[in-house]
There are 2 protein chains.
Amino acid sequence: MVLLSGGLDSATVLAVARDRGYACHAISYDYGQRHGAELEASRRVATELGAVEHKVVRLDLGSIGGSALTDDAIDVPETPSEGIPVTYVPARNTVFLAIALGWAEVLGARDLFIGVNAVDYSGYPDCRPEYIAAFESLANLATKAGVEGERFRVHAPLVDLSKADIVQRGQQLGVDYALTVSCYSADDSGRACGRCDACRLRREGFAAAGVPDPTRYA
Amino acid sequence: MVLLSGGLDSATVLAVARDRGYACHAISYDYGQRHGAELEASRRVATELGAVEHKVVRLDLGSIGGSALTDDAIDVPETPSEGIPVTYVPARNTVFLAIALGWAEVLGARDLFIGVNAVDYSGYPDCRPEYIAAFESLANLATKAGVEGERFRVHAPLVDLSKADIVQRGQQLGVDYALTVSCYSADDSGRACGRCDACRLRREGFAAAGVPDPTRYA
């Protein structure tokens, strides 16, 4: 079970999971994010990287608000900020992992893959290794499969990598990053703003990896 | 932040939280459940028991399937079963608590209330005290508020009570159980089937508490 956003990191994770021999089911969320172009990208990535199945689950996090990514009243910043930025979506990875866990349990899948990253992680609390370990423990208490003695594992293969490392790993595995969209403010055709945190981290990653940046900028 | 299903247990929890002096925000989920009458009940209960605000969040757990409550291909059983029953919805409380946590963080609320019960709990793994404790730990790792040193608490005031105890507690607090719907197969006007596990536990609870059962049966 691979959490797939359509961005650079999760595309790499899908390639890593496939490389480890897993038949991958990919899950994406239509959660009221500004960057709907990411969802289109997730469909292309799932197809190109050979996911067995891809599901887009709708949930209305926009009604909760509280983030620049889901609330039109909060602007996406175009300069780096101190601390946890306004693009933080409260409890997002917990919600995403929980639904993925539910689908995994239905399918009989026991391995969840998520593209969190603690190096270039923008300060999001739910991208840290201790958070991932805590979710794995919870998964094994929360489920029928866990109670019956099976074991869920949550894999975060990018957690210790820099963006440059991630790009290089994906290159080795043949990921076509032109299919991916990372920008928080991408336009409807998926062209990136080039100014938000996500664009900045991505561009610096390609530069540091010595890989040409295939991103289409507006 | 009170998770409110519209059933007997969560109505009691809302009354308990109000009695402890909290200004209560209630959250319900339209998750593709068979028993849509529960949602109507949640609106009545939120109003009658004085919630400050009530939000119904839509999410499409039906697309995941795997439960008699969300998948029309699986019948709701009318006789008690051994082990964890087919009405178990994979990872449901984890999904529900995660979204509630997100809204709580946005509001500045730090206390979450949930009506899980480990006595008459039908064998659901995500209704046990150890599960609730694990979610509380996760909440404090997952969130900006947690990282910044605030502390979320997850309250499960019914966890050790029998259904009869719950009914008596609610009676003391003035809960009108005629407003609530527990049945897994309630009809559109909220009348209960009288045969499913939820109906059986509820009816036995009123009988054991010596309280007249106000449920409207079909």
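Residues take numbers from 1 onward in each chain, read along the sequence in its written order. All chains are assigned letters beginning with A, and all ligands numbers beginning with 1, in the order in which they are written. For this predicted model, a pLDDT threshold of at least 70 governs which residues receive local features, and a threshold of 80 or more governs which side-chain atom pairs are given and counted, while totals over whole chains, interfaces and linings are taken from all residues. To get the side-chain values, take all heavy atoms of the structure and skip hydrogens and water.

A short note on unusual backbone geometry
Argument step 1. Unlike most non-glycine residues, Ala91 of chain A shows phi in positive territory, near 65°.
Argument step 2. Here a strand is any run of E in DSSP of at least two residues, a helix any run of H or I of at least four, and the numbering for each starts at the N terminus. Locating Ala91 of chain A in the fold gives a position in the loop between strand S3 (53-58) and helix H3 (92-107).

Observations concerning the environment of Ile132 of chain A
All names here are of chain A.
Argument step 1. As for its position among the elements, Ile132 is in helix H4 (residues 129-142).
Argument step 2. Placed 62 residues apart in sequence, Ile132 and Gly194 show a C-alpha to C-alpha distance of 30 Å.
Argument step 3. Contact definition: two residues touch when any of their heavy atoms are within 4.5 Å. In this structure, Ile132 is in contact with Ile114, Val116, Val154 and Ala156, ignoring residues within four places of it in sequence.

Let's talk about the interface of chain A and chain B
Argument step 1. Contact residues are listed per partner, giving 35 residues for chain A and 37 residues for chain B.
Argument step 2. Interface area for chain A against chain B, summed over the two sides, is near 3,100 Å², with a carbon-plus-sulfur share of 74%.
Argument step 3. The term salt bridge refers to a pairing of a side-chain nitrogen on Lys or Arg with a carboxyl oxygen on Asp or Glu at a separation within 4 Å. Applying the counting criterion to the chain A and chain B interface returns 0 salt bridges.
Argument step 4. Side-chain atoms alone can form a polar contact between residues adjacent in sequence; in general such a contact is a pair of N or O atoms within 3.5 Å, and within protein one must be able to donate a hydrogen while the other accepts it. Where chain A packs against chain B, one counts 4 residue pairs in polar contact (both at pLDDT 80 or more).
Argument step 5. Lys, Arg, Asp and Glu make up the charged group, whereas Ala, Val, Leu, Ile, Met, Phe, Trp, Tyr, Cys and Pro make up the nonpolar group; the residues left over, Gly among them, are polar. When its residues are assigned to classes, the side of chain A that touches chain B shows 21 nonpolar, 6 polar and 8 charged. Buried area: the accessible area, evaluated with a 1.4 Å probe, that two parts lose upon being put together, summed over both parts.

Examining the packing of aromatic side chains
Argument step 1. Only the six-membered ring of Trp is used, alongside the rings of Phe and Tyr, when aromatic pairs are assigned; centres must lie within 6.5 Å, and planes under 30 degrees apart are stacked while those over 60 apart are edge-to-face, with the rest tilted. Using the criterion set out here, one finds 8 aromatic pairs over all chains in the structure.
Argument step 2. Through successive ring pairs, a cluster of aromatic residues spans Tyr29, Tyr31 and Phe96 of chain A.

Overview of the packing of H3 of chain A against H4 of chain A
Residue and element names in this part refer to chain A.
Argument step 1. Two elements in contact, H3 and H4, have axes whose closest approach is 11 Å; the angle formed by their N-to-C orientations is 35°. Considering only the axes of H3 and H4, their crossing is right-handed. Note on element contacts: H4 touches H3 through Tyr131, Phe135 and Ala139, opposite Asn93, Thr94, Leu97, Ala98 and Leu101. Axis lines are fitted to C-alpha atoms, over the contacting stretch for helices. Their N-to-C directions set the angle, which ranges from 0 to 180 degrees. Two helices crossing with the near one rotated counterclockwise from the far one by less than a right angle form a left-handed crossing, whereas a clockwise rotation gives a right-handed crossing.

Quick look at the relation of the copies chain A and chain B
Each of the two chain copies goes to the other by way of a rotation about an axis and a shift along it.
Argument step 1. For the least-squares superposition of copies, only C-alpha atoms count, and only for residues with pLDDT at least 70 in both. Between chain A and chain B, which share one sequence, the superposing operator has a rotation angle of 180° and an axial displacement of 0.0 Å; the RMSD is 0.0 Å. Both chain copies can therefore be described as sitting about a two-fold axis. When C-alpha distances to the rotation axis are compared across chain A, the minimum falls at Leu59 of chain A, with a value of 2.1 Å.
Argument step 2. Counting the interface residues of chain A, we find that 100% of their copies in chain B are interface residues as well, pointing to one common contact surface.

Remarks on helix H7 (residues 197-209) of chain A
Residue and element names in this part refer to chain A.
Argument step 1. Helix span, as expected, comes to 1.5 Å for every residue beyond the first. Compared with an ideal rise of 1.5 Å per residue, which puts 13 residues at 18 Å, H7 spans 18 Å between its outermost C-alpha atoms and is within 8% of the ideal.
Argument step 2. Every buried residue of H7 is accounted for by Asp197, Ala198, Cys199, Leu201, Arg202, Gly205, Phe206 and Ala209.
Argument step 3. Contact partners of the buried residues in H7: helix H1 (8-19) and helix H6 (163-172).
Argument step 4. Note on H7: the residue one or two positions beyond its end, Gly210, has a positive phi of about 70°. Residue burial is assigned from relative accessible area. The probe radius is 1.4 Å, only protein chains are included, and a residue is buried under 20% of its type maximum, exposed over 50%, and partly exposed in between.

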